[in-house]
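# An overview of the molecular structure
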Amino acid sequence: MLTLAGTLLAGVVFGVALAAPPGPMNAIIAEESVVRGWAAGFWAGLGAMLADVLFFVLVLAGVVTVIDQYPAIRPALYLVGGVLMCYFAVGAIEEARAATSFTDGGTATAKGFRKTFVLSLTNPYQLGFWLTVGVGLLQPGSLDIFAHVPGIDTILAGTLVVQTGSPALLLGFFGGIAVWIVAYPAGLVAAGRRVDALAPTIAALSAVVLAGFGALFLGIGAMSFL
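Residues numbered from 1 in each chain as written. Predicted model: local features only at pLDDT ≥ 70, side-chain atom pairs only at ≥ 80, totals over all residues. Heavy atoms only, no water.

### A short note on the overall build of the chain
A count of helical and extended segments in the chain gives 11 helices and 2 strands. Ordered by position from the N terminus, the helices and strands of the chain form the series α-α-α-α-α-α-α-α-β-α-β-α-α. Across the 226 residues in the chain, those meeting the buried criterion constitute 45%. Taking all contacts inside the chain whose residues are at least 6 apart in sequence as the whole, residues at least 24 apart take part in 83%. Just so you have it, the chain exposes about 10,500 Å², and 72% of that area is on carbon and sulfur atoms. (Helix = DSSP H or I, 4+ residues; strand = E, 2+ residues; numbered from the N terminus. Buried < 20%, exposed > 50% of the residue type's maximum accessible area, 1.4 Å probe, protein only. Contact = heavy atoms within 4.5 Å. Areas by Shrake-Rupley, 256 points an atom, 1.4 Å probe, with all protein chains shown as cover.)

### Things to note about the packing of aromatic side chains
Taken as a whole and assessed by the stated rule, the structure comprises 19 aromatic pairs. A ring pair is formed by Tyr125 and Phe217, whose centres lie 5.4 Å apart and whose planes are at 75 degrees; its orientation type is edge-to-face. Of this pair, Tyr125 sits in helix H7 (residues 124-131) while Phe217 sits in helix H11 (residues 198-225), and the two are 92 residues apart along the sequence. Judged by its relative accessible area of 43%, Tyr125 is partly exposed. Arranged with centres 5.9 Å apart and planes meeting at 15 degrees, the rings of Phe129 and Phe173 form a pair that is stacked. Of the two residues, Phe129 is situated in helix H7 and Phe173 in helix H10 (residues 167-194); the sequence distance between them amounts to 44 residues. Neither residue differs from the other here; Phe129 and Phe173 are each classed as buried. (Phe/Tyr/Trp six-rings, centres within 6.5 Å; stacked < 30°, edge-to-face > 60°.)

### Comments concerning a nonpolar patch on the surface
A contiguous nonpolar patch, built from Leu50, Val53 and Val57 and spanning about 210 Å² of accessible area, is present on the exposed surface. Relative to the helices and strands, Leu50 resides in helix H3 (residues 38-60). For Leu50, a relative accessible area of 40% corresponds to the partly exposed category. (Patch = residues over 30% accessible without salt bridge, like charges linked within 9 Å, V, L, I, M, F, W, Y side chains within 5 Å. Salt bridge = Lys/Arg side-chain N within 4 Å of Asp/Glu carboxyl O.)

### Let's talk about the side chain of Glu95
Within the secondary structure, Glu95 is located in helix H5 (residues 73-98). Non-local contacts of Glu95, meaning those with residues more than four positions away in its chain, are made with Glu31, Val35, Arg36, Lys111 and Ala203.

### As for the pattern of salt bridges
Overall, the coordinates contain 4 salt bridges when judged by the stated rule. As a salt-bridge pair, Arg36 and Glu32 come within 2.9 Å of each other at their nearest N and O atoms. With Arg36 and Glu32 both in helix H2 (residues 24-36) and 4 residues apart, the pair spans about one turn of that helix. We classify Arg36 as buried; its relative accessible area is 17%. Note on Glu32: relative accessible area 0%, which makes it buried. The partner of Glu95 in a salt bridge is Arg36, and the shortest N-O contact between them spans 2.4 Å. With Glu95 in helix H5 and Arg36 in helix H2, this residue pair connects regions lying 59 residues apart in the sequence. Here the salt bridges do not stand alone but share partners, grouping Glu32, Arg36, Glu95 and Lys111 into one network.

### Examining the packing of H5 against H7
Packing of H5 against H7 brings their axes to within 9 Å, and their N-to-C directions diverge by 145 degrees. Across the interface between the two elements, Arg74, Leu77 and Tyr78 from H5 touch Pro124, Tyr125, Leu127, Gly128 and Leu131 from H7. Residue composition of the contact of H5 with H7, by class: 6 nonpolar, 1 polar and 1 charged. (Axes fitted to C-alpha atoms, helices over the stretch in contact; angles between N-to-C directions. Nonpolar A, V, L, I, M, F, W, Y, C, P; charged D, E, K, R; others polar.)

### A few points about the layout of surface pockets
In this structure, the largest pocket spans a volume of roughly 690 Å³. Only helix H1 (4-19), H2, H3, H7, H10 and H11 provide two or more residues apiece to the lining of the largest pocket. Across the lining of the largest pocket, the residue classes break down as 19 nonpolar, 6 polar and 1 charged. (1 Å grid on protein atoms, 1.4 Å probe; cavity = no way out; pocket = protein on both sides within 12 Å on 5 of 7 lines; lining within 4 Å. Points joined across faces, edges and corners; volume = space filled by probe spheres on them.)

Here it is in structure tokens:
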């Protein structure tokens, strides 16, 4: 069994591992970081993190049982999330066309925050995590950390198993997300200062990621209603 410090560190690793894989949220964080600077990227990450905190509170309040009683909620979220992602993809394309070089303006606008917060609330994968693994974090038992991380679940599964139901694990988990939303924009800004072409390139890649996930979500949502 891990010590208190070990459990806290495992939670940090879990939070970073879940926050790091490529996806719609990281695409928006990247776009905001290279176009508007670190502060804007951080605020975009904070929007996604706040949604996780909200999901956590709703799990504590027992909303999980309400969601399970209405199976049409998840397909509807796929459709809403898909539409929003496609809409934000159009905005990312416009950013890519307008951004000729990296701009470290340091402007902490609420634009990215609103994007990631709304997308997170309509993201069935994020909701699914809190309805399954998230619930497990609150209950005494054990959790295979890397078994729930896309991309490395089959490689590192079983290498880090922790006891759940500990406040230290939850604290570490959100601490890991916080580490990511600070370090990820900082890394992009540092790279952007050296390569001016990084800004329009990342904005374009963000548009591709958002459009791809948007189309995927729309397809899954539509198929669920057929």
